[in-house]
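The residues making up each chain are set out below.
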Protein chains: 2
Amino acid sequence: MAPKAAKFDIKTPKGTKDWDGADMVIREKIFSTITDVFKRHGGTTIDTPVFELKEILAGKYGEDSKLIYDLADQGGELCSLRYDLTVPFARYLAMNKDITSIKRYHIAKVYRRDQPAVSKGRMREFVSCLFFDIAGVYDPMIPDAEIICIINEVFDSLGWKGTYTIKLNTRKILDGIFQVCGVPEPMLRPVSSAVDKLDKMPWEDVRKEMVDEKGLDPAIADKIGESWVVLKGQRDLLEKLQADEELSANESMKQGMADLDQLFTILEYFDAMHTVSFDLSLARGVFYYTGVIYEVVTEGSAPAVSASQAAAEPAAKSSKKKGPKSADPDADRSDDPTLGIGSVAAGGRYDNLVGMFSGKTQVPCVGISFGIDRIFSITKARMAAQKATVKPRKNDVDIFVMAFGGGKDFTGLLKERSQVCTRLWNAGIKAEFLYKVKPKLPAQFKAAEQNGVPFALILGEDELAQGKVRIKEMGLASDHPLKEGELISFENLEDEVQQRLTLKKQLDSITREAAGLRVVHGIKGEDVQVSTSDSTTPVPMNAATSSSTSAPAAEVAERTAEEKPAEAPSS
Amino acid sequence: MAPKAAKFDIKTPKGTKDWDGADMVIREKIFSTITDVFKRHGGTTIDTPVFELKEILAGKYGEDSKLIYDLADQGGELCSLRYDLTVPFARYLAMNKDITSIKRYHIAKVYRRDQPAVSKGRMREFVSCLFFDIAGVYDPMIPDAEIICIINEVFDSLGWKGTYTIKLNTRKILDGIFQVCGVPEPMLRPVSSAVDKLDKMPWEDVRKEMVDEKGLDPAIADKIGESWVVLKGQRDLLEKLQADEELSANESMKQGMADLDQLFTILEYFDAMHTVSFDLSLARGVFYYTGVIYEVVTEGSAPAVSASQAAAEPAAKSSKKKGPKSADPDADRSDDPTLGIGSVAAGGRYDNLVGMFSGKTQVPCVGISFGIDRIFSITKARMAAQKATVKPRKNDVDIFVMAFGGGKDFTGLLKERSQVCTRLWNAGIKAEFLYKVKPKLPAQFKAAEQNGVPFALILGEDELAQGKVRIKEMGLASDHPLKEGELISFENLEDEVQQRLTLKKQLDSITREAAGLRVVHGIKGEDVQVSTSDSTTPVPMNAATSSSTSAPAAEVAERTAEEKPAEAPSS
């Protein structure tokens, strides 16, 4: 079939992206860091389908329901792409009545037809979320406190210590305040949705939404704004609420305050209170939360300027003449100053969601979701601020199998290279060779160096005739006694290679321990290579860390400009 | 918000399923087994979005294009769920012109609106596929041979040695035979699609499709059927083709035969020829293949009976009075005898697909995809045939932190349990405790035993006053000297626990090495527990393997019927 050029733009759909190279390495590292925390707390993983029956998702997400992606009606059932992993989890528990308690985690993509801002990690295909939930009937606030603990462990493990805040509130206190201020019962959720926007817009705009759009009595709106919802604190704020007679008389307030009292006590046991900000403006948009709610924010979460500020300061408009709200809903809003990264994790208690599916059977749940794209964007931004770029290895290959020789009688040793690779693969050793019948030695060294492969195994007709092959560690100093490699037995080559790999691993590990394990924003020195942009010589992220790959990778980086790899002997 | 019972069926969409428990453990094991092989061969992973622009997928899949899932038109771009990971990979290469060679792998779900047969692993949401592709300009057939090698390694690693066949052909030979038989050029692909069905229906039905549906001259159809396409072999068949003067004169045949000659030679180097069946009936439906094509079949791949047999034998109809083709396209066809599991892996060379997107730039590719659902279904069926059921641990927790005490003064030690867990988590130790303020000791032991947790750490007021806590290994024999546990220092408890975990791991490892590592269909003894259904006592899959979890897990299974866990002292 002859190739025909496509007549349309070759790209990914708006708000989505491909992950590869260094980004993939960083993302995988974020995944494994977080799942390690989940496993430490007894998590088990389940996997639900990417689409659900449309009815399952209906009525769960409040004002955001309009962001749900539907599948086309091609006959049969009507389905929608999942919007989060919470509703599918509740559906799963409702279907599996024998499961009355579980700690589950789930890494997966969720789908929201939001206006994208890709560089801020706001995707349509939220490339990945990590959800952790604890389901089961337990004494109050103990699982809730462990979730807060997990949040701290996750961000501390990512190297964010001291740079994040867990905003925390409960639906019961929020509803109590609204009731005391005089909000009618059917208005509780709409008013709550408006208050939730206080992190993105000033009180005047929120008040406007309540009064003009939602028809709340202006006097009640003013009472809400002037009284409680703007307050933040910890136990001091709780004590202030408890001291207020009007509030303390409200039933919902009473329950909420008792809950928080217990929660704060357990969080003190866990030594996990220092990151918590009890924030009465936190409301969370979705409908299904029933108790404690929380949201993790960090530098960059809030917008640089508010929408009304942006409107008042036309000079601040971008040179592209795009207002903060572009007319094209598909346009990428990465440069929009009225849009922050938003929260990097969020969750809460949802005791009634399973019952919405199962009828009678209730399974109380509390959970948290981590927005990996946003965490990734912040990690990248911080690395860029440090003028650091990441140069990961393309793969983890241990050894590159090469043929040495030349001239008209040179066979290329394809048979021998194939057989040696087969033996290495069978021994569990990661091996590659160049897919050429008669490869040149420099080309083979170049391929090995480009991937930072730590060892080369060089086959030559003469050595093979003597039952030998040459093994050479890449990246040795020019005066190293083994710079030219060693002859080893062809018969035992698997063992010989394995011994050297093990030894190298041990030596690297000792060096690393001696140097201490430096972690830059959760990415450890042995995972990625960092070069400072104001220096011509790339250095590993942890210069003292002689990881199994750092030396050859650095050499390659130095040499990519040269035609002939420095390691290649003339053939 | 009060729970309201849903008024519709709570279920997953047809052709999809939730993965959890033992199934999840088996599936994860299949994933890691296969990705280990990919990494051994230098694979690197990329991740592309779950949906692509509709235009990207158009015109790539031949007759199967009707199975593509579209997203609803909600404004903006028109998108479809990916049908495979090959076309998105080609789109990725076309967008990233600096990447001229890569070995990539990708685990992900793909989506096909096929009639589902869930128990045979035929899903709509093919829950997961593993793709491996080698892209780049290389000498002929070397990467193609390595893919065959990888197929062998994957299925051998899964414990399928001797039970699978790699059916192999090339488009060039197939087209050459059709040309020699007189098939006009525009009919090559339609005729090829018909021939591809020879594994599902007898020649008469295929002939009928060619002549009646596709309008092929009956004489040409007969020539195809009587001549070559029914033949199978290895090098012998290639030599037979080479010996035929009429075939050898055809240009496409010549190229195809030279390719296979070289491929078979390299496969012999790789010691990978024994599983290959050169099968002239293999055609593969999709349009984008240009060279070697292959498909892996195993017992159960082919249908038990053909559709025409089923029609001729009405007595064989199922008691549900469903014919082999149900009127409802959504109905599950798991019981349909005319439907086999199909191939468990398939792929081929596609040299022009990247060029279809990029115009000029060509990147030749060859790849393979493994159908994890089908591999999973066969694994499960084989385990069932051996009357084996799988009882995995719910999680990997190392130690369960308990409070010992009772009476009216018992505080429950929630503070101490929280603090101890925090210390253990900070030390990287996987720990749990019961979410009760005043838990009873038997309930705590029961929770630990249900998850097969290997150690218990028991806090008591008296011991704490002396700076001590009790650690107890679960599952020790009743006469074991440490059956009642040991008192260790509270101050150094992290170290004390870590030492015991390390020691247990070492002992288990030695026992395992001594016993040899028995693998049942790729699932190792330490991963899952198997109980034989005709015995009341569950035994670990590898009875000689004293894995870190087997003993307690077995005890739990023995004891779940009892009210009081056997390990719990009276409190």
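It should be emphasised that the depicted structure is a prediction, and the values quoted were computed from it without experimental measurement.

## A few points about the UniProt feature "domain: Anticodon-binding" (unreviewed entry) in chain A
Here is step 1: Those residues carrying the UniProt feature "domain: Anticodon-binding" (unreviewed entry) are residues 401–499 of chain A in this numbering.
Here is step 2: Helix makes up 35% of residues 401–499 of chain A and strand 23%, and the two end C-alpha atoms of the span are 17 Å apart.

## What about the relation of the copies chain A and chain B?
The relation between the two copies of this chain is a rotation about an axis and a shift parallel to it.
Here is step 1: Once chain A is rotated about the relating axis by 180° and shifted along it by 0.0 Å, it coincides with chain B to within an RMSD of 0.1 Å. On this basis, the relationship between the two copies can be described by a two-fold rotation axis.
Here is step 2: By residue overlap, the copies meet face to face through one surface: 100% of the interface positions of chain A are interface positions in chain B.

## Some remarks on the interface of chain A and chain B
Here is step 1: Taken together, the 100 residues of chain A in the interface contact 100 residues of chain B.
Here is step 2: Both sides together, the interface formed by chain A and chain B hides about 8,900 Å², and carbon and sulfur atoms give 60% of it.
Here is step 3: The partner of A:Glu77 in a salt bridge is B:Lys11, and the shortest N-O contact between them spans 2.7 Å.
Here is step 4: Taken together, the connections running from chain A to chain B amount to 40 residue pairs in polar contact (both at pLDDT 80 or more).
Here is step 5: The element best represented in the side of chain A that touches chain B is helix 15 (residues 414–426) of chain A, accounting for six residues.

## Observations regarding helix 11 (residues 251–269) of chain B
An α-helical turn contains 3.6 residues, so a residue and the one three or four places further along point in the same direction.
All names here are of chain B.
Here is step 1: A rise of 1.5 Å per residue sets the reference length of helix 11, with its 19 residues, at 27 Å; its end C-alpha atoms lie 28 Å apart and thus fit the reference within 8%.
Here is step 2: For helix 11, every residue scored as buried is listed here: Ser252, Met253, Gly256, Met257, Asp259, Leu260, Leu263, Phe264, Ile266 and Leu267.
Here is step 3: Two or three places before Ser252, at the opening of helix 11, Asn250 has a side-chain oxygen 2.9 Å from that residue's backbone nitrogen.

## Some words on the pairing of strand 13 (residues 399–404) of chain A
All names here are of chain A.
Here is step 1: The buried fraction of strand 13 is high, at five of six residues.
Here is step 2: Sheet analysis places strand 13 next to strand 14 (residues 431–433), joined by three bridges and oriented parallel. From the neighbouring strand, Phe400 faces strand 14, where its bridge partner is Glu432.
Here is step 3: As a crossover connection, the stretch from strand 13 through helix 15 into strand 14 is right-handed.

## A closer look at the packing of aromatic side chains
Here is step 1: By the definition in use, this model includes 36 aromatic pairs over all chains.
Here is step 2: Between the aromatic rings of B:Tyr61 and B:Tyr83, the centroid separation amounts to 4.4 Å while the plane-to-plane angle is 45°, which identifies the pairing as tilted. Taken together, the residues span a long stretch of sequence, with B:Tyr61 in the loop between helix 2 (54–57) and strand 3 (79–81) and B:Tyr83 in the loop between strand 3 and helix 3 (86–95) at a distance of 22 residues. Just as B:Tyr61 is buried, B:Tyr83 falls in that class too.
Here is step 3: Through successive ring pairs, a cluster of aromatic residues spans A:Phe38, A:Tyr105, A:Phe132, A:Phe155, A:Trp160, A:Tyr164 and A:Phe370.
Here is step 4: The ring of A:Trp19 carries the charged tip of A:Lys17 above its face, separated from the ring centre by 3.9 Å.
Here is step 5: A cation over a ring is seen here: B:Arg423 above B:Phe490, with NZ or CZ 4.9 Å from the ring centre.

## Regarding the packing of helix 4 (residues 142–157) of chain B against helix 11 of chain B
Residue and element names in this part refer to chain B.
Here is step 1: In contact at an axis separation of 9 Å, helix 4 and helix 11 are set at 50° when each is read in the N-to-C sense. Accordingly, the angle class assigned to the pair helix 4 and helix 11 is oblique. The handedness of the crossing between helix 4 and helix 11 is right-handed. Side by side, helix 4 and helix 11 meet where Ile142, Asp144, Ala145 and Ile148 of the first sit next to Leu263, Ile266 and Leu267 of the second.
Here is step 2: Split by residue class, the contact of helix 4 with helix 11 holds six nonpolar, no polar and one charged.

## Quick word on the confidence of the model for chain A
Residues and elements named next belong to chain A.
Here is step 1: For chain A, the mean per-residue pLDDT works out to 82, and 78% of the residues sit at or above 70.
Here is step 2: Contacts for the low-pLDDT stretch residues 515–564, under 50 throughout, to residues beyond four places or in other chains number 96 contacts.
Here is step 3: Here the complex is predicted with pTM 0.81, and the ipTM for its interfaces comes to 0.80.

## Re the sheet that holds strand 16 (residues 468–473) of chain B
All names here are of chain B.
Here is step 1: If you walk across this open sheet you meet the five strands as 14-13-15-16-17, and the pairing is mixed. Each of the sheet's edge strands pairs with one partner strand only, and the pair in question is strand 14 (431–433) and strand 17 (486–489). Between one strand axis and the next, the sheet turns through 35° on average, direction left out of account.
Here is step 2: Against the sheet, helix 16 (residues 441–450) touches strand 13 (399–404), strand 15 (455–460) and strand 16, its axis set at about 175° to strand 13.

## What to know about a nonpolar patch on the surface
Here is step 1: The grouping of A:Leu503, A:Leu507 and A:Ile510 at the surface amounts to a nonpolar patch, some 300 Å² of accessible area in total.
Here is step 2: Mapped onto the secondary structure, A:Ile510 falls in helix 18 (residues 493–515).

## Brief notes about the environment of B:Thr165
All names here are of chain B.
Here is step 1: You can see Thr165 is positioned in strand 6 (residues 164–170).
Here is step 2: Residue classification places Thr165 among the partly exposed residues on the basis of a relative accessible area of 30%.
Here is step 3: Separated by 134 residues in sequence, Thr165 and Glu299 have C-alpha atoms that sit 9.5 Å apart.
Here is step 4: Ignoring any residue separated from it by four or fewer positions in sequence, one finds Thr165 in contact with Thr275, Ser277, Glu295, Val296 and Val297.

## What to know about the pairing of strand 16 (residues 468–473) of chain A
Here is step 1: Where strand 15 (residues 455–460) of chain A meets strand 16 of chain A, four bridges bridge the pair, whose relative direction is antiparallel. Bridging across to strand 16 of chain A, A:Ala456 finds its partner in A:Lys472.

## Quick word on the state of the cysteines
Here is step 1: Applying the stated criterion across every chain, the model contains zero disulfides over all chains.
Here is step 2: Cysteine A:Cys149 shares no disulfide, and the gap to the nearest cysteine sulfur, in B:Cys421, comes to 8.8 Å.
Here is step 3: According to the relative accessible area criterion, A:Cys149 is buried, its value standing at 4%.

## A few points about the environment of A:Pro143
Here is step 1: Within the secondary structure layout, A:Pro143 lies in helix 4 (residues 142–157).
Here is step 2: When the C-alpha positions of A:Pro143 and A:Ala447 are compared, they lie 52 Å apart, and in sequence the two are 304 residues distant.
Here is step 3: Filtering out sequence-adjacent residues up to four positions away, A:Pro143 remains in contact with A:Ile134, A:Tyr138, A:Arg349, A:Val366 and B:Tyr435.

## Focus: helix 3 of chain B
Here is step 1: In terms of burial, helix 3 of chain B is a largely internal element, nine of the ten residues being buried.
Here is step 2: When helix 3 of chain B is considered as a whole, its buried residues turn out to be B:Thr86, B:Val87, B:Pro88, B:Phe89, B:Ala90, B:Arg91, B:Tyr92, B:Leu93 and B:Ala94.

## Looking at the pattern of salt bridges
Here is step 1: Going through the model one piece at a time under the given rule, you end up with 58 salt bridges over all chains.
Here is step 2: Two residues, A:Lys103 and B:Glu432, come together in a salt bridge whose shortest N-O distance is 2.8 Å. Taken as a pair, A:Lys103 in strand 4 (residues 102–111) and B:Glu432 in strand 14 lie in two separate chains rather than in one.
Here is step 3: A relative accessible area of 9% means that A:Lys103 is categorised as buried.
Here is step 4: With a shortest N-O distance of 2.8 Å, A:Arg349 and A:Asp144 are connected by a salt bridge. One end of the pair, A:Arg349, is in strand 10 (residues 345–350); the other, A:Asp144, is in helix 4, with 205 residues separating them in the sequence. Per residue, the accessibility class of A:Arg349 equals that of A:Asp144, and both read buried.
Here is step 5: Taken together, the shared-partner salt bridges in this structure form one network comprising A:Lys17, A:Asp23 and A:Lys380.

## Digging into unusual backbone geometry
Residue and element names in this part refer to chain A.
Here is step 1: Within the chain, Leu413 stands out as a residue other than glycine whose phi angle is a positive 55°.
Here is step 2: Looking at the secondary structure, you find Leu413 in the loop between strand 13 and helix 15.
Here is step 3: On the basis of relative accessible area, Leu413 is assigned to the buried category, the value being 3%.

## Describing the side chain of B:Ser193
Here is step 1: Tracing the sequence through the fold places B:Ser193 in helix 6 (residues 188–195).
Here is step 2: Aside from chain neighbours lying at most four places away, what touches B:Ser193 is B:Glu63, B:Lys214 and B:Gly285.

## Observations concerning the sheet that holds strand 15 of chain A
Residues and elements named next belong to chain A.
Here is step 1: Taken in spatial order, the five strands line up as 14-13-15-16-17 in an open sheet, and their pairing is mixed. Of all strands in the sheet, those with a lone pairing partner are strand 14 and strand 17 (486–489), marking the two edges. Between one strand axis and the next, the sheet turns by 35° as a mean value, whatever way the strands run.
Here is step 2: Contacting strand 13, strand 15 and strand 16, helix 16 (residues 441–450) runs over the sheet at an angle of about 175° to strand 13.

Definitions and cut-offs
- Residues numbered from 1 in each chain as written.
- Chains lettered and ligands numbered in written order.
- Predicted model: local features only at pLDDT ≥ 70, side-chain atom pairs only at ≥ 80, totals over all residues.
- Heavy atoms only, no water.
- UniProt positions renumbered as here; feature names shortened; annotations may be inferred.
- Helix = DSSP H or I, 4+ residues; strand = E, 2+ residues; numbered from the N terminus.
- Least-squares fit on C-alpha atoms with pLDDT ≥ 70 in both.
- Contact = heavy atoms within 4.5 Å.
- Buried area = accessible area lost by both parts, 1.4 Å probe.
- Salt bridge = Lys/Arg side-chain N within 4 Å of Asp/Glu carboxyl O.
- Polar contact = N/O pair within 3.5 Å; in protein donor to acceptor, adjacent residues only side chain to side chain.
- Expected span 1.5 Å × (residues − 1).
- Buried < 20%, exposed > 50% of the residue type's maximum accessible area, 1.4 Å probe, protein only.
- Pairing = 2+ DSSP bridges.
- Right-handed = clockwise from strand over helix to strand, strands pointing away.
- Phe/Tyr/Trp six-rings, centres within 6.5 Å; stacked < 30°, edge-to-face > 60°.
- Lys NZ or Arg CZ within 6 Å of the ring centre and 35° of its normal.
- Axes fitted to C-alpha atoms, helices over the stretch in contact; angles between N-to-C directions.
- Parallel < 35°, antiparallel > 145°, perpendicular 65-115°, else oblique.
- Left-handed = near helix turned anticlockwise from the far one by under 90°.
- Nonpolar A, V, L, I, M, F, W, Y, C, P; charged D, E, K, R; others polar.
- pLDDT = per-residue confidence, 0-100.
- Patch = residues over 30% accessible without salt bridge, like charges linked within 9 Å, V, L, I, M, F, W, Y side chains within 5 Å.
- Areas by Shrake-Rupley, 256 points an atom, 1.4 Å probe, with all protein chains shown as cover.
- Disulfide = S-S within 2.5 Å.

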